[in-house]
Amino acid sequence: MRTLITEYKRMFFEKRIIWLIVITVIYVTVCSLFWNLKYKLDYGYFEISYKLSAFKLWQDIINEIYVRVLMKIVPCIVCVFSFMDDRKNGIDNQICIRNHSNIYYMVKYITVITGGMLYNFLSVILIYVPLYFLLSTGDDGWNYLDRYEAYVGKFFTGNTAVEFVLVIAVCYAFVGGVYSAMSYVISMWIDNRVLVCIMPYIICEILQNVLYIVRKVTLANTIFSEVDVLMNDRPFIHWVHYFVLWILFLSILLIISYTINIKNKK
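Please read all numbers here as calculations on a predicted model, not as lab measurements.

Engineer: Please set out empty space enclosed by the protein residue by residue, giving values where relevant.
Structural biologist: Counted under the stated rule, the structure contains five cavities of 30 Å³ or more. Contributing to the lining of the largest cavity are L52, S53, A54, F55, Y128, Y132, S136, T137, D140, G141, W142 and Y144. Those elements that provide at least two residues to the lining of the largest cavity are α3 (54–62) and α7 (103–135). Among the residues forming the lining of the largest cavity, the class breakdown is seven nonpolar, four polar and one charged.

Okay, here's the thing in structure tokens:
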């Protein structure tokens, strides 16, 4: 337990997760600003004052491809780099010697998953804040669930924008946890930081396309799901199953990787 607390302290004291969240929120907000400016100029709405809710802005920007890519690649940076540094400097061996066990690797695995989940969860929520204060127009409140301009699917039963944002944030948190765990397993085989970050995304994209080619569309949509920001295609429980099954599978791969690349080499 003490080792786990220490790893969580390291995660926050290093401030990598804080800076990544801040940079992500600023970047997405700026992209949304330019997208809306371009929309106004292209359609001649620059001089027209029209109502645009924060929820509509948020739903549009969260559904963009670059945001979905960010939510799969950046979570891998939060704690996996710390593990790679520990291995490079021999800190992992020192911790194991002090604790008289190899629990460090499992603790780091839990920290990596938690860090990836936390990054995605907070990023999705915090993106909503500047969109409301800086870009939204009209007199609707920050908790207004826009059912006229935005789309609210059948699997959402709440009545407020914050509830919707929280549900999507949790779904993205599951995705961040899975990709971070996959990156952690890969880092036991590869020392290149760039490859460790992008390989989970590349592997999933390749496997998903292969399944589409062999006409296993249902299986592809189940295993490699994109977050449904409209809440129209998949219920929330789907993402719970997605997270649990992936973590179980990756935990098995972790045990195999640890046995081959770490335990047998000591």
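Read on, since the account is not over.
Engineer: Outline the pattern of salt bridges, listing residues and values.
Structural biologist: Under the defined criterion, the tally for this structure stands at four salt bridges. Two residues, K56 and D60, come together in a salt bridge whose shortest N-O distance is 3.3 Å. Residue K56 and its partner D60 are located together in helix α3, separated by four residues, close to a single helical turn. For D85, the salt bridge is made with R193, and the minimal N-O distance between the two is 2.1 Å. Taken as a pair, D85 in helix α5 (residues 75–89) and R193 in helix α9 (residues 193–213) lie far apart in primary sequence, 108 residues in all. Note on D85: relative accessible area 25%, which makes it partly exposed. Classification of R193 by relative accessible area gives partly exposed; the value is 33%. A cluster of three or more residues bridged by salt bridges with shared partners is formed by R68, K72 and E226.

Engineer: How would you explain the nonpolar core if you had to name every residue and give the values?
Structural biologist: Grouped together as the largest cluster of nonpolar side chains are 76 residues, with contacts concentrated most on W58, I62 and I168. The greatest single-element share of this core, amounting to 16 residues, is contributed by helix α8 (residues 161–187). In contact with I168, other than residues within four places in its own chain, are W58, I62, V124, V227, D228, V229 and M231.

Engineer: Which residues make up the environment of F121, and what values go with them?
Structural biologist: By the secondary structure assignment, F121 is in helix α7. Judged by relative accessible area, which is 25%, F121 ranks as partly exposed. Linking F121 and S187, residues 66 residues apart in sequence, is a C-alpha distance of 23 Å. Non-local contacts of F121, meaning those with residues more than four positions away in its chain, are made with L166, A169, V170 and A173.

Conventions used here
Residues numbered from 1 in each chain as written. Predicted model: local features only at pLDDT ≥ 70, side-chain atom pairs only at ≥ 80, totals over all residues. Heavy atoms only, no water. 1 Å grid on protein atoms, 1.4 Å probe; cavity = no way out; pocket = protein on both sides within 12 Å on 5 of 7 lines; lining within 4 Å. Points joined across faces, edges and corners; volume = space filled by probe spheres on them. Helix = DSSP H or I, 4+ residues; strand = E, 2+ residues; numbered from the N terminus. Nonpolar A, V, L, I, M, F, W, Y, C, P; charged D, E, K, R; others polar. Salt bridge = Lys/Arg side-chain N within 4 Å of Asp/Glu carboxyl O. Buried < 20%, exposed > 50% of the residue type's maximum accessible area, 1.4 Å probe, protein only. Core = buried A, V, L, I, M, F, W, Y, C linked by side-chain atoms within 4.5 Å. Contact = heavy atoms within 4.5 Å.

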